[in-house]
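Spelled out, the chains give:
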Amino acid sequence: MNALELFRTGRDYIEIAAILGMSVPSVEIEIHRLRSAEKGDTAQQDHAGAETRRFARRPLKPGTPVNFAGGRI
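Treat the numbers as computed from the prediction; the structure is a model and nothing was measured. (Residues numbered from 1 in each chain as written. Predicted model: local features only at pLDDT ≥ 70, side-chain atom pairs only at ≥ 80, totals over all residues. Heavy atoms only, no water.)

This brings us to the overall build of the protein. In terms of regular secondary structure, the protein is built from three helices and zero strands. Reading the secondary structure of the protein in the N-to-C direction produces α-α-α. In the protein, buried positions account for 12% of the 73 residues. Relative to all contacts within the protein whose residues are 6 or more apart in sequence, the contacts with residues 24 or more apart total 21%. (Helix = DSSP H or I, 4+ residues; strand = E, 2+ residues; numbered from the N terminus. Buried < 20%, exposed > 50% of the residue type's maximum accessible area, 1.4 Å probe, protein only. Contact = heavy atoms within 4.5 Å.)

Scanning all chains against the criterion turns up two salt bridges. A salt bridge links R8 to E38; the shortest N-O distance between them is 2.7 Å. Here R8, found in helix 1 (residues 3-8), pairs with E38, found in helix 3 (residues 24-39); they are 30 residues apart in sequence, far enough to count as distant. For the pair shown, R8 and E38 are each scored as exposed. Two residues, R33 and E30, come together in a salt bridge whose shortest N-O distance is 2.6 Å. With R33 and E30 both in helix 3 and three residues apart, the pair spans about one turn of that helix. (Salt bridge = Lys/Arg side-chain N within 4 Å of Asp/Glu carboxyl O.)

Okay, helix 3 next. Along its 16 residues, helix 3 runs 23 Å from first to last C-alpha, staying within 8% of the 22 Å computed at 1.5 Å per residue. Looking only at helix 3, the buried set comprises V27, I31, L34 and S36. Trailing helix 3 by a residue or two, G40 shows a phi angle of about 95°, which is positive. (Expected span 1.5 Å × (residues − 1).)

In this section: the environment of R33. Under the relative-accessibility criterion, R33 is labelled partly exposed at 31%. For the pair R33 and L4, spaced 29 residues apart in sequence, the C-alpha separation works out to 9.3 Å.

Right under this line is the structure:
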């Protein structure tokens, strides 16, 4: 059973994530992708693995202060 089928049975994202062993954001993306594919919208498949970032991420050193959104101060 896939994420969309579980979603249609009335389960929420958290339950589906636990059943499938996925993270909640991954479940949301998977459901959206499957619903779009049913409708015939394939535009997002072109960018399926792409991740948009404004700035390159660098590893933080321990003790570096960050703001509430996870950015450096």
